[in-house]
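Fold and geometry: a report
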Amino acid sequence: MNLEDLRKYCLSLPHVMEDVKWGNDLCFLIGGKMFCVTGFEQPMKVSLKVSDEDFAELTQTDDIIPAPYLARHKWILVEKAGRFKKKEWEDYIRKSYELIKEKLPAAVKKKLA
(Lines give C-alpha, C1' and ligand atoms only; values in the text may rest on other atoms or scores of the structure.)
Protein backbone atom coordinates (compact mmCIF):
# COMPACT_ATOMS: atom_id res chain seq x y z
CA MET A 1 0.00 0.00 0.00
CA ASN A 2 1.25 3.47 -0.83
CA LEU A 3 0.09 6.90 0.33
CA GLU A 4 -2.36 7.40 -2.53
CA ASP A 5 -3.93 3.95 -2.01
CA LEU A 6 -4.24 4.66 1.71
CA ARG A 7 -5.83 8.04 1.04
CA LYS A 8 -8.25 6.59 -1.50
CA TYR A 9 -9.37 3.81 0.83
CA CYS A 10 -9.74 6.00 3.92
CA LEU A 11 -11.74 8.62 2.00
CA SER A 12 -14.02 5.90 0.62
CA LEU A 13 -15.36 5.25 4.12
CA PRO A 14 -18.54 7.16 5.05
CA HIS A 15 -18.16 10.66 6.53
CA VAL A 16 -14.35 10.63 6.54
CA MET A 17 -12.45 13.90 6.42
CA GLU A 18 -8.72 14.41 6.06
CA ASP A 19 -6.59 17.01 7.78
CA VAL A 20 -2.92 17.82 8.14
CA LYS A 21 -1.93 18.13 11.80
CA TRP A 22 1.34 18.98 13.48
CA GLY A 23 2.70 20.25 10.18
CA ASN A 24 3.47 16.90 8.58
CA ASP A 25 0.88 14.28 9.58
CA LEU A 26 -1.97 13.35 7.28
CA CYS A 27 -4.87 12.39 9.51
CA PHE A 28 -8.13 10.70 8.58
CA LEU A 29 -11.04 11.47 10.85
CA ILE A 30 -14.59 10.36 11.54
CA GLY A 31 -16.69 12.79 13.56
CA GLY A 32 -13.59 14.88 14.23
CA LYS A 33 -11.66 11.96 15.75
CA MET A 34 -8.59 10.40 14.15
CA PHE A 35 -8.63 6.76 13.11
CA CYS A 36 -5.59 6.66 10.80
CA VAL A 37 -2.45 8.80 10.70
CA THR A 38 0.48 8.78 8.31
CA GLY A 39 3.25 11.14 7.28
CA PHE A 40 4.27 12.47 3.90
CA GLU A 41 7.84 11.20 4.21
CA GLN A 42 9.09 7.89 2.88
CA PRO A 43 9.17 5.17 3.92
CA MET A 44 5.49 5.41 4.78
CA LYS A 45 4.55 4.66 8.38
CA VAL A 46 0.96 4.38 9.55
CA SER A 47 -0.69 4.58 12.96
CA LEU A 48 -4.04 2.93 13.63
CA LYS A 49 -6.28 2.11 16.56
CA VAL A 50 -6.68 -1.63 17.13
CA SER A 51 -8.54 -3.88 19.54
CA ASP A 52 -6.90 -4.85 22.82
CA GLU A 53 -6.31 -8.37 21.48
CA ASP A 54 -4.79 -7.14 18.22
CA PHE A 55 -2.60 -4.66 20.11
CA ALA A 56 -1.12 -7.41 22.28
CA GLU A 57 -0.54 -9.68 19.29
CA LEU A 58 0.66 -7.17 16.69
CA THR A 59 3.13 -5.33 18.92
CA GLN A 60 4.97 -8.62 19.41
CA THR A 61 5.66 -8.90 15.68
CA ASP A 62 8.25 -7.37 13.37
CA ASP A 63 7.76 -3.86 12.02
CA ILE A 64 4.93 -2.92 14.42
CA ILE A 65 5.39 -1.02 17.65
CA PRO A 66 3.09 0.71 20.14
CA ALA A 67 2.38 4.12 18.61
CA PRO A 68 4.23 6.97 20.33
CA TYR A 69 1.84 9.13 22.40
CA LEU A 70 -1.13 6.87 21.62
CA ALA A 71 -0.09 3.40 22.80
CA ARG A 72 -2.11 3.69 26.00
CA HIS A 73 -5.19 3.98 23.79
CA LYS A 74 -4.18 0.83 21.87
CA TRP A 75 -2.76 2.46 18.75
CA ILE A 76 -0.02 0.78 16.75
CA LEU A 77 2.63 2.19 14.44
CA VAL A 78 3.29 0.08 11.35
CA GLU A 79 6.86 0.96 10.44
CA LYS A 80 6.92 -0.72 7.01
CA ALA A 81 4.05 -0.40 4.54
CA GLY A 82 4.88 -3.83 3.14
CA ARG A 83 4.09 -5.41 6.50
CA PHE A 84 0.49 -6.06 5.39
CA LYS A 85 -1.06 -7.00 2.08
CA LYS A 86 -3.67 -4.63 0.63
CA LYS A 87 -6.63 -6.63 2.05
CA GLU A 88 -5.04 -6.71 5.51
CA TRP A 89 -4.47 -2.94 5.38
CA GLU A 90 -8.09 -2.40 4.44
CA ASP A 91 -9.28 -4.69 7.26
CA TYR A 92 -7.19 -2.92 9.91
CA ILE A 93 -8.14 0.54 8.64
CA ARG A 94 -11.83 -0.42 8.65
CA LYS A 95 -11.54 -1.83 12.18
CA SER A 96 -9.84 1.36 13.37
CA TYR A 97 -12.58 3.43 11.75
CA GLU A 98 -15.29 1.34 13.45
CA LEU A 99 -13.57 1.44 16.87
CA ILE A 100 -13.36 5.23 16.76
CA LYS A 101 -16.85 5.65 15.30
CA GLU A 102 -18.49 3.59 18.05
CA LYS A 103 -16.90 5.78 20.75
CA LEU A 104 -18.22 9.06 19.27
CA PRO A 105 -20.71 11.03 21.37
CA ALA A 106 -24.37 10.29 20.61
CA ALA A 107 -24.93 13.79 19.19
CA VAL A 108 -22.08 13.33 16.70
CA LYS A 109 -23.33 9.87 15.71
CA LYS A 110 -26.78 11.34 15.10
CA LYS A 111 -25.34 13.99 12.78
CA LEU A 112 -23.50 11.29 10.83
CA ALA A 113 -26.60 9.09 10.46
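Residues numbered from 1 in each chain as written. Predicted model: local features only at pLDDT ≥ 70, side-chain atom pairs only at ≥ 80, totals over all residues. Heavy atoms only, no water.

Considerations on the overall build of the protein
Per the secondary structure count, the protein includes four helices and six strands. Reading the helices (α) and strands (β) of the protein from amino to carboxyl end gives α-β-β-β-β-α-β-β-α-α. Relative to its length of 113 residues, the protein is compact, with a C-alpha radius of gyration of 13 Å against a globular reference of 13 Å. Counting only C-alpha atoms, the protein reaches 40 × 30 × 30 Å along its principal axes. Counting only residues that meet the buried cut, the protein has 38% of its 113 residues in that class. Within the protein, residue pairs in contact and separated by at least 24 positions form 44% of the contacts whose partners lie at least 6 positions apart. When the accessible surface of the protein is split by element, carbon and sulfur atoms take 52% of a total near 6900 Å². (Helix = DSSP H or I, 4+ residues; strand = E, 2+ residues; numbered from the N terminus. Rg over C-alpha atoms; globule rule 2.2 N^0.38 Å. Buried < 20%, exposed > 50% of the residue type's maximum accessible area, 1.4 Å probe, protein only. Contact = heavy atoms within 4.5 Å. Areas by Shrake-Rupley, 256 points an atom, 1.4 Å probe, with all protein chains shown as cover.)

Quick word on the side chain of Ser96
With respect to the helices and strands, the residue Ser96 is situated in helix H3 (residues 86–102). Excluding its chain neighbours within four sequence positions, the residues that come into contact with Ser96 are Phe35, Leu48 and Lys49.

Let's talk about the packing of aromatic side chains
The geometry of an aromatic ring pair is captured by two quantities: the separation of the ring centres and the angle between the planes. What the rule picks out here adds up to three aromatic pairs. When the centroid spacing of 5.4 Å and the interplanar angle of 80° are considered together, the rings of Phe35 and Tyr97 count as edge-to-face. With Phe35 in strand E3 (residues 33–39) and Tyr97 in helix H3, this residue pair connects regions lying 62 residues apart in the sequence. There is no split in this pair, since Phe35 and Tyr97 are both buried. Between Phe84 and Trp89 the ring centres are 5.3 Å apart and the planes differ by 90°, which places this aromatic pair in the edge-to-face class. (Phe/Tyr/Trp six-rings, centres within 6.5 Å; stacked < 30°, edge-to-face > 60°.)

So, the confidence of the model for the protein
Per-residue confidence for the protein gives a mean pLDDT of 95; residues scoring 70 or more make up 100%. Mean pLDDT across the elements of the protein ranges from a minimum in helix H4 (residues 106–112), with 92, to a maximum in strand E6 (residues 75–78), with 98. (pLDDT = per-residue confidence, 0-100.)

A few points about the nonpolar core
Within the largest apolar cluster, 35 residues are counted, with the highest numbers of intra-cluster contacts made by Leu6, Phe28, Phe35, Cys36, Leu48, Ile76 and Ile93. Where this core is concerned, the elements lending two or more residues are helix H1 (3–12), strand E2 (25–30), E3, strand E4 (46–49), helix H2 (52–58), E6 and H3. When neighbours within four sequence positions are excluded, Phe28 is seen to be in contact with Leu6, Arg7, Cys10, Leu11, Val16, Met17, Glu18, Lys33, Met34, Phe35 and Cys36. (Core = buried A, V, L, I, M, F, W, Y, C linked by side-chain atoms within 4.5 Å.)

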